[in-house]
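Inside the fold
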Amino acid sequence: MSSKKNLKTTRGKGGELHQQATGVDDILTTQQGAPVADDQNSLKAGVRGPTLLEDHILRDKIFHFDHERIPERVVHARGYGAHGYFETYNSLKDITSADIFQRKGEKTPAFVRFSTVAGSKGSPDMARDVRGFAVKLYTKEGNWDIVGNNIPVFFIQDAMKFPDLIHAAKEEPDSGFPQAQTAHDNFWDFISLTPESMHMVMWIMSDRAIPRSLRFMEGFGVHTFRMVNSKGAAVFVKFHWKPRQGMQSVVWDEAVKLNGADPDFHRRDLWDAISRGDFPEWELGLQVFDEDFAKRFEFDVLDATKLIPEELVPVRIVGRLVLDRVVDNFFAETEQVAFCTQNIVRGIDQSEDPLLQGRNFSYLDTQLKRLGGPNFTHIPINAPKCPMRHFQQDGHMAMHNPKGRANYEPNSWGEEGGPRESPEKGFASYPQPVQGEKQRVRSPTFADHYSQARQFYISQTATEQRHMADALAFELSKVKTVAIRERMVSHLLNIDKNLAMTVAGNLAIHSMPKPAQAAVKTRMDLPASDKLSILKNGPDSFKGRKVGVLAGEGFDGALFSQLEKALEAEGAIHALVAPHAGQLKDSSGQAHTIDEKVDGGPSVLFDAIVILPGKGSQDALLKNPAALAFISDAFNHHKFIGYGEEAKPLLDKAGIGDVLDKGCLKLKDAKSVSGFIKQCRQLRYWQRGL
Ligand code: HDE
């Protein structure tokens, strides 16, 4: 490998290592391109004398280092991106003139950035939070950004409240904590005073807010947008990204432990999957509807706290997004990418959703500060991949100014006078008639705050409902002000009485508060919508998932190789976990490389576990608390557990020997291994009612 070629190395007078370039192409230079002779020592007056201000090489290096950081995003600071493409399944000419949807099979380059919302850039991946799902599509007629989330509704209805929401959710301003979590007084104070957030609260207290992988979650455009065809006719549209891998989440105790075991769990998972060629895919679905439906629908389609159930408007699948390339450089791509809801193309248009309208101002404004000037479209990750011709010029870091004398239009310079407008090809806004008195007002059609919150709750399985009650009780238990806890329970009473009672019980609220006053009567008759549940829509596949194999010296090599084969056939992967690092010999004497030393590879990193202690290695595992926690945690997290012949003492010591259930399978041959993998397709053994 070229990086391993023998460099000429010498030692300096102080014993420091000097590595010298071997050719002209690998000579280290300053920013100005001047070759550097010594990258270890600053220029001094005498061997032990002061460093000279004259040292332009030292100053060049440190000056640049000093300015490496740019402001992190004020929200969605923690994120991870990847490249890919969008493939159009069929022409959508009938509803949109957007170039990306004109030709079947068209492939459009894409960049996606996933994120959490509240935490800072260095916060852990597995925080309970909404995940950003921002997609940049480099279409032939300009960049189109769908800046969405993994939850189809939002906390608030009007952009005016966004700074308040975010201030309340982030760390408290005096103490500066808690970081990346909503379990504190300020958040629940604001939420409990903002009933419009109740639908979203149900979503963030559900397992949607702790996804197992960025690959295993849905994405939504949230707002209602418009599509406009070449004749100028418009339809309303809501965007959905459906993961081909299926949805999957973790349980809260796992999330807490994962944040310690691997704060980069989500980004590592995405990087690893793409690097091994297991490219995640989402299908783009549209809910298309017209003014007539919008009028008939029981809620306002401009209200971002509401969704349209798929039973009412089915999702039409129109293409797929494939992520097939990791970034070359995190900063250049993931950090510098600038999404904006204003980045739309001909054939796509805005709606009058007051949240969306506010976002249209915010994103461009925030990029200016974050990226330091108006020329961030010159950065490769933000530059369109189609021709860009305009008369905009100058500003910080201008990379390409227009050539020639014309920097304005109209001008008299004919064909040399630069680009001109095109009524046929250019963007045209949908001519929505607009009239009204100027007023600061919330539309009365936005006033129902509980009906869809209730609908979401009753659409969940009993397991998911239990998780929601647990999450609410956990979050509110961290709220010190009892009045805030009670106020939240008063809202829950409008959503589901049992939920309210369970949460109140866990908070030892003995006398129930009155239900919160609802602005309009809550609809108790909205039917459950199965698509809103994760567990009702399981992938029935173990593809893309990972098994942790806890093994000891002399483990059953034949069984292990059967397991390896079965997992490969399923498209799943595994890691070998042992009490020590290095290598492990199996029963036939073959050596295997250990992937994780057990205290660095707890079972929360895996979707299922297999326990294969060797005949002579029981002791090492029995005496290792991390090995015992590996097993008991997996059991408590409802994971499928496969175990070999010699595992019994370990299962006993881990405290599960007596309670083994149908989610725990003894492995002895290829048949039992394949039975185990088949079971794993359910992802978790929820029947283990803990
Ligand atoms: Fe954002 N949001 N947002 N947001 N948002 C930002 O823009 C804002 C909202 C979303 O990976 C910021 O470039 C306002 C809804 C994502 O780079 C900022 C309002 C949805 C990302 C901003 C909202 C989102 C952002 C911060 C209420 C889901 C990350 C950095 C009116 C549909 C994009 C930046 C990335 C980022 C403002 C509400 C999604 C400050 C004012 C609703 C995925 O401009």
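This one's a predicted model, so the numbers in the text were calculated from it and none came from an experiment.

Each value, and the rule that gives it
Residue positions are given per chain, counting from 1 as you read along its sequence in written order. Predicted model: local features are reported for residues with pLDDT of at least 70 only, side-chain atom pairs are reported and counted for 80 or more only, and whole-chain, interface and lining totals are derived from all residues. To get the side-chain values, all heavy atoms of the structure are used, and hydrogens and water are removed first. Each metal's donors comprise the N, O and S atoms found within 2.8 Å of it (within 3.2 Å for Na, K or Ca). Water is not part of the atom list, so some coordination spheres may appear incomplete. Each helix is a run of H or I in the DSSP string that is no shorter than four residues. Each strand is a run of E no shorter than two, and both are numbered from the N terminus. For every domain, the bounds stem from an assignment made automatically or drawn from a database. For this analysis, residues touch if any pair of their heavy atoms sits within 4.5 Å. The term buried area denotes the loss of accessible surface (1.4 Å probe radius) that occurs when two parts are joined, taken as the sum for both partners. Salt bridge, as applied in this entry: a Lys or Arg side-chain nitrogen positioned within 4 Å of an Asp or Glu carboxyl oxygen. Here a polar contact means two N or O atoms within 3.5 Å. Within protein one must be a hydrogen donor candidate and the other an acceptor candidate, and residues neighboring in sequence count only if both atoms are side-chain atoms. Just so you know the grouping, Ala, Val, Leu, Ile, Met, Phe, Trp, Tyr, Cys and Pro go in nonpolar, Asp, Glu, Lys and Arg go in charged, and all remaining residues, Gly too, go in polar. Strands were regarded as paired on the criterion that DSSP finds at least two bridges between them. Only the stretch in contact is used when fitting a helix axis, every axis being a line fitted to C-alpha atoms; angles between N-to-C directions are given from 0 to 180 degrees. When accessible area is computed with a 1.4 Å probe and restricted to protein chains, residues below 20% of their type maximum are described as buried, those above 50% as exposed, and intermediate ones as partly exposed. Here the expected span of a helix is defined as 1.5 Å times the quantity of residues minus one. For this description, a residue counts as near a given molecule or strand if any of its non-hydrogen atoms is within 4 Å of it. Here the angle decides the label: under 35 degrees means roughly parallel, over 145 means roughly antiparallel, 65 to 115 means roughly perpendicular, and every other value means oblique. A crossing counts as left-handed when the near helix is turned anticlockwise from the far one by less than a right angle, and as right-handed when that turn is clockwise.

Moving on to the coordination of the iron atom of the ligand. Each angle at a metal carrying four tetrahedral donors should ideally be 109.5 degrees, and each at a metal carrying six octahedral donors should ideally be 90 or 180 degrees. The sole protein-derived ligand of the iron atom of the ligand is Tyr-363 (OH), positioned 1.9 Å away. Along the chain, Tyr-363 turns up in helix H9 (residues 354–371).

Below, the discussion takes up the domain arrangement of the protein chain. Domain annotation for the protein chain reports domain 1 (64–370), domain 2 (447–536) and domain 3 (540–680). Just the C-alpha atoms count here: the centres of domain 1 and domain 2 sit 25 Å apart. On the side of domain 2, 36 residues touch domain 1, which itself brings 36 residues to the contact. Summed over the three residues of domain 1 that lose the most area to domain 2, namely Asp-185, Trp-188 and Met-202, the buried surface amounts to 19% of that side. The interface formed by domain 1 and domain 2 holds two salt bridges in total. In this structure, Asp-189 engages Arg-487 in a salt bridge whose closest nitrogen and oxygen atoms are separated by 3.1 Å. For the interface between domain 1 and domain 2, the tally reads 15 residue pairs in polar contact (both at pLDDT 80 or more). Taken together, the elements giving at least two residues each to the side of domain 1 that touches domain 2 come down to helix H3 (185–192) and helix H4 (198–204). By residue class, the composition of the side of domain 1 that touches domain 2 is 17 nonpolar, nine polar and ten charged.

Moving on, we get to the sheet that holds strand S18 (residues 608–612). Spatial strand order, S17-S14-S13-S18-S19-S20: six strands in an open sheet with parallel pairing. The sheet terminates laterally at strand S17 (596–597) and strand S20 (664–666), the two strands that pair on one side only. Where strand S14 (residues 573–578) lies against S17, two bridges are found, and the strand directions are parallel. The residue bridging Val-577 from the neighbouring strand is Glu-596, located in S17. Sheet strands in contact with helix H14 (residues 557–570) are strand S13 (546–551), S14 and S18, and its direction is about 150° off that of S14.

For the rest of this paragraph, the subject is the pattern of salt bridges. Counted under the stated rule, the structure contains 46 salt bridges. Residue Lys-161 pairs with Asp-164 through a salt bridge whose shortest N-O separation is 3.0 Å. Residue class for Lys-161 comes out partly exposed when judged on its relative accessible area of 28%. When salt bridges that share partners are traced, they join Arg-212, Arg-215, Asp-269, Arg-276, Asp-278, Lys-543 and Asp-607 into one network.

Because each turn of an α-helix spans 3.6 residues, side chains separated by three or four positions end up pointing in the same direction. In this model helix H11 (residues 462–477) runs 22 Å from its N-terminal to its C-terminal C-alpha over 16 residues, within 8% of the 22 Å that 1.5 Å per residue would give. Burial in H11 covers these residues: Thr-463, Glu-464, His-467, Met-468, Ala-469, Ala-471, Leu-472, Ala-473, Glu-475 and Leu-476. Elements that come into contact with the buried residues of H11 comprise H3, H4, helix H10 (451–458), helix H12 (482–495) and helix H13 (497–506).

A few words on the site of the ligand. For the ligand, the set of nearby residues contains 23 residues, the closest of which are Arg-73, Arg-113, Ser-362, Tyr-363 and Gln-367. Contact distances for the ligand include 2.8 Å between an oxygen atom and a side-chain N or O atom of Ser-362. For the ligand, an oxygen atom lies 2.7 Å from a polar atom in the side chain of Gln-367. The residue makeup of the shell around the ligand, split by class, is eleven nonpolar, nine polar and three charged.

The next point concerns the packing of H14 against helix H18 (residues 670–680). Remark: H14 packs on H18, axes separated minimally by 9 Å, with the N-to-C direction vectors making an angle of 40°. Relative to H18, H14 is oriented oblique. Like other packed secondary-structure pairs, H14 and H18 cross with a definite hand, here right-handed. Seen from H14, the contacting residues are Leu-559, Gln-562, Leu-563, Ala-566, Leu-567 and Glu-570; seen from H18, they are Ala-670, Val-673, Phe-676 and Ile-677. When its residues are assigned to classes, the contact of H14 with H18 shows eight nonpolar, one polar and one charged.

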